[in-house]
Amino acid sequence: MSLWLGAGRVVAEAGVVVDGAVRVEGDRIVAIGARREIERQPSDRVLDAPQGTLTPGLVDAHTHAAWIGSRHDEYAARLAGADYEEIARMGGGIAASRRAVQAASADELAATLSARLGRMLRQGVTTVEVKSGYGLDEAGERKQLEAIAEVARDPAMPAVVPTYLALHAVPPERRGDRAAYVRDVEARWLPAVAAAGLARFVDAYVDRAAFTVDEARAVLSRARSLGLGVRLHVGQFADVGGAALAASLGAASADHLEHLSAADADALAAAEVSAGLLPVASFTLGQAPPPVEALRRAGARLVVASDANPGTAPTESLPLALSLAARAYGLTPRECLDGATTHAARSLGLSDRGALRVGARADLALWALSSEVALVQPWGAPPLVAVVHGGRVTAPG
Ligand code: NIG
Ligand code: FE
């Protein structure tokens, strides 16, 4: 079946079309133009919002959505003044989510992820990157990645990009010999994950209480040689050289960046590493924003993502991240939209989405908003008329 969508504003790659329309055949956009020019076929389903705005479906390029359980105790402790790194040292944080993943069956993990991605879809998100990183041993990481793969096969879900994040934390039982943990990841588990086609990217958390540049380099270089892309968590709490590593590896993305020098902003931009901004996390942690102006001046591509996780970014809402990126980071509404569409898709290596153009995948969000500028204003809950992913129509939540 084909689909005809009309809107007061169609935010196309070539520019905004006022009183525009888009035609979809199967899972592709086949025409974009003024509403009078885009024919309706007898077989068309019609979604028309003459006062609304049509944008690309949103792309959430950094999530830890495959989590289960609850970390409300730790959140309450943090509200009462406890520090995130302190909680992690005491066995909370990532290690707490790891225990919940260990206790869950693969089916429970998949069901929880599926429900979560369904809610994300109903907020306009049509592609989601999902990391492992709460397994932290061979079986646990595989269980997460297999749950992600299972959910990814469901056509009712947003498109899923799986990322292997074994270097999220050293599991407590391996703290005595962290080098052996990193070696296991690099030499044994990662090649098996790559061979099974369970990840498109490999991520590493490089920070003072996480992994060193040398540890991450070993694993990420191996990832490159296995044909996988790399992305990094960098400078969330301290600048320990993660951004320079991301630049030297030609990473797809370096994310967080609260602690980033102007020289490293230049290096990221020069190496065409996307700058992943995660304003929900820095808001939750009460941190100052990354050096957005330095990144902008350097010409870095800014991506905005939810970082959805049960610790530092307890949200499923990319629109909320956009609202915060505007209000707390000073991004313009246009930078927010690009950061969650074109630039996000590019950082995931997906050239067929993130922009409305003929031939692109039919991933669209039809907003009950009179302008795309309004997307960042209703604090994480911009109203939707419909979401289209791969040509399939889903009603909003
Ligand atoms: O992106 N920084 C490391 N990882 C996550 C936090 C994960 C967690 O607390 O469970 C982040 O903020
Ligand atoms: Fe993260």
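Worth saying up front: this structure is predicted, and the values here are computed from it rather than measured.

> Could you give an account of the overall build of the protein chain, with specific residues and numbers?
If you tally the helices and strands in the protein chain, you get 14 helices and 15 strands. Taken over the C-alpha atoms alone, the protein chain extends approximately 70 × 45 × 45 Å along its principal axes. Counting all 397 residues of the protein chain, 59% fall into the buried class. The long-range fraction of contacts in the protein chain, counting pairs at least 24 apart against all pairs at least 6 apart in sequence, stands at 71%. Surface exposure of the protein chain reaches about 14,500 Å², of which carbon and sulfur atoms provide 52%. Positive and negative side-chain charges in the protein chain, numbering 40 and 45 respectively, have mean positions lying 2 Å apart.

> Explain the coordination of the iron ion (ligand 2) to me, and be specific about the residues and the numbers.
Of the protein atoms, only His62 (NE2), His64 (NE2), His233 (NE2) and Asp307 (OD) coordinate the iron ion (ligand 2), at distances of 2.1 to 2.4 Å. Along the chain, the residues donating to the iron ion (ligand 2) are arranged with the sequence spacing H-x1-H-x168-H-x73-D. Taken together, the residues His62 in the loop between strand E5 (58–60) and helix H1 (72–79) and Asp307 in the loop between strand E12 (302–304) and helix H12 (318–327) connect sequence positions 245 residues apart. What makes Asp307 buried here is its relative accessible area of 1%.

> Any details on the sheet that holds strand E15 (residues 392–394)? Residues and values, ideally.
Pairing within the open sheet is mixed, and its seven strands lie in the order E3-E2-E1-E4-E13-E14-E15. Each edge of the open sheet is held by one strand with a lone partner, namely strand E3 (28–34) and E15. Along the sheet, successive strands turn relative to each other by an average axial angle of 35°, direction set aside. Pairing of strand E1 (residues 2–12) with strand E2 (residues 15–25), which is carried by ten bridges, proceeds in the antiparallel orientation. Bridge pairing in E2 places Gly6 opposite Ala21.

> Describe the pairing of strand E4 (residues 45–56), with residues and values.
Two elements, E1 and E4, share seven bridges in a ladder whose sense is parallel. Considered in E4, the bridge of Leu5 is made with Leu47. Two strands pair when backbone bridges link them, and E4 and strand E13 (residues 364–367) are joined in this way by four bridges, in the antiparallel orientation. If you follow Thr53 over to E13, its bridge partner there is Trp367.

> Go over the pairing of E13 with me, naming the residues and quoting the values.
Residues Leu364 and Leu366 point to one face of E13 and Ala365 and Trp367 to the other, with burial holding for every one of them. Pairing geometry for E13 and strand E14 (residues 384–389), over four bridges, is antiparallel. Considered in E14, the bridge of Leu366 is made with Ala386.

> So, the site of ligand 1: which residues are in play, and what are the values?
Around ligand 1, 15 residues are found, and the nearest of them are Arg71, Tyr84, Tyr134, Gln236 and Thr312. Interatomic distance of 2.8 Å between a side-chain N/O atom of Arg71 and an oxygen atom of ligand 1. Within the side chain of Asp307, one N or O atom sits 2.9 Å away from an oxygen atom of ligand 1. Protein contacts shield 100% of the accessible area of ligand 1, which totals 330 Å² for the unbound molecule.

Definitions and limits used
Residues numbered from 1 in each chain as written. Chains lettered and ligands numbered in written order. Predicted model: local features only at pLDDT ≥ 70, side-chain atom pairs only at ≥ 80, totals over all residues. Heavy atoms only, no water. Helix = DSSP H or I, 4+ residues; strand = E, 2+ residues; numbered from the N terminus. Buried < 20%, exposed > 50% of the residue type's maximum accessible area, 1.4 Å probe, protein only. Contact = heavy atoms within 4.5 Å. Areas by Shrake-Rupley, 256 points an atom, 1.4 Å probe, with all protein chains shown as cover. Lys, Arg positive; Asp, Glu negative; His and termini not counted. Charge placed at Lys NZ, Arg CZ, Asp CG, Glu CD. Donors = N, O, S within 2.8 Å, 3.2 Å for Na, K, Ca; no water. Pairing = 2+ DSSP bridges. Axes fitted to C-alpha atoms, helices over the stretch in contact; angles between N-to-C directions. Near = heavy atom within 4 Å. Polar contact = N/O pair within 3.5 Å; in protein donor to acceptor, adjacent residues only side chain to side chain.

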